[in-house]
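Single-letter residue listing:
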Amino acid sequence: MRARDLAEPFPIVSLDDDAMTAARTMARQRLPGLIVCDAQGRPYTILPGSQVLRFLIPRYIQDDPGLAGAFDENAADELCRKLVASTVQDLLPRPQDTDELPVVDADATSLEVAAVMARMHSPVVAVVDDEAERHVVGAITVSRLLEHLLPS
């Protein structure tokens, strides 16, 4: 099966979009990530949900998760307020390496899609219809791909 057959409509955000809106889109639709496109509408990167959490959680708690037990739900609400004044660009790691992206051509096979996901550690792959224009036609999530690859 080709990528175009596995691809599903998927939310796209831009670098300048509101971070809270992007995070809420991810949460409401239960998505593992979002496709981030540049000003020309070409895929720039994938924003995985784990990167949103990395942005929210202070480094010292990431380094020692046991410290998180000292925080109550009010503290968690306060951490989420960081998204209010931020953009999608702020959520991305620095420096952003855009040499290789989790993007496949619409004619890619399911195993080619799997290889890109595995190599890039990405839960989402953007599917483009034209290698030159790189117009996004949809995305394939790891759950959609596994559903196709695994025997019934």
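Quick summary incoming for the structure in this document. Keep in mind the model is a prediction, meaning the values are calculated, not measured.

Examining a nonpolar patch on the surface
Piece 1. Where nonpolar side chains cluster on the molecular surface, the patch consists of Y60, L67 and F71 and spans about 290 Å² of accessible area.
Piece 2. Inspection of the secondary structure puts F71 in the loop between α4 (59-63) and α5 (73-80).

With respect to the packing of helix α7 (residues 110-120) against helix α8 (residues 142-149)
Piece 1. For the pair α7 and α8, interaxial distance at closest approach is 11 Å and the crossing angle is 140°. As the angle between them shows, α7 and α8 are arranged oblique. Judged by the sense of rotation from one axis to the other, the crossing of α7 with α8 is left-handed. Judged by residue contacts, S110, L111, V113, A114 and M117 of α7 engage V142, L145, H148 and L149 from α8.

Some remarks on the environment of A126
Piece 1. Along the chain, A126 turns up in strand β5 (residues 124-128).
Piece 2. Once the C-alpha coordinates of A126 and P102 are considered, the two residues, 24 residues apart in sequence, prove to be 6.4 Å apart.

Quick look at the sheet that holds strand β6 (residues 136-141)
Piece 1. With mixed pairing, three strands are arranged side by side in an open sheet as β4-β5-β6. Two strands close off the open sheet at either side, each with one partner strand: β4 (103-105) and β6. Going across the sheet, the axis of each strand differs from the next one's by a mean of 30°, ignoring polarity.
Piece 2. Sheet topology note: the β4/β5 ladder contains three bridges and is parallel. Within β5, the position partnered with V104 by the bridge is V127.
Piece 3. Taken strand by strand, α7 contacts β4, β5 and β6, and its axis lies near 135° from that of β5.

Considerations on the pairing of strand β3 (residues 43-48)
Piece 1. Counting buried residues along β3, five of its six residues qualify, which places the element largely inside the surrounding structure.
Piece 2. Where strand β2 (residues 33-37) lies against β3, five bridges are found, and the strand directions are antiparallel. When the bridges of β3 are listed, G33 appears paired with P48.
Piece 3. Connecting the antiparallel pair β2 and β3 is a turn made up of five residues, with G41 showing a positive phi of about 85°.

A few points about the pattern of salt bridges
Piece 1. By the definition in use, this model includes six salt bridges.
Piece 2. A salt bridge links E8 to R144; its shortest N-O distance comes to 3.6 Å. In this pair, E8 sits in the loop between α1 (3-6) and β1 (12-14) while R144 sits in helix α8, placing the two residues 136 residues apart along the sequence.
Piece 3. Residue classification places R144 among the partly exposed positions, given a relative accessible area of 21%.
Piece 4. One salt bridge connects R144 with E147, and the closest N-O pair in it is separated by 3.5 Å. Residue R144 and its partner E147 are both found in helix α8; the two are separated by three residues, about one turn of the helix.
Piece 5. Overlapping salt bridges, with partners in common, bring together E8, R144 and E147 in one network.

Cut-offs and rules
- Residues numbered from 1 in each chain as written.
- Predicted model: local features only at pLDDT ≥ 70, side-chain atom pairs only at ≥ 80, totals over all residues.
- Heavy atoms only, no water.
- Patch = residues over 30% accessible without salt bridge, like charges linked within 9 Å, V, L, I, M, F, W, Y side chains within 5 Å.
- Areas by Shrake-Rupley, 256 points an atom, 1.4 Å probe, with all protein chains shown as cover.
- Salt bridge = Lys/Arg side-chain N within 4 Å of Asp/Glu carboxyl O.
- Helix = DSSP H or I, 4+ residues; strand = E, 2+ residues; numbered from the N terminus.
- Axes fitted to C-alpha atoms, helices over the stretch in contact; angles between N-to-C directions.
- Parallel < 35°, antiparallel > 145°, perpendicular 65-115°, else oblique.
- Left-handed = near helix turned anticlockwise from the far one by under 90°.
- Contact = heavy atoms within 4.5 Å.
- Pairing = 2+ DSSP bridges.
- Buried < 20%, exposed > 50% of the residue type's maximum accessible area, 1.4 Å probe, protein only.

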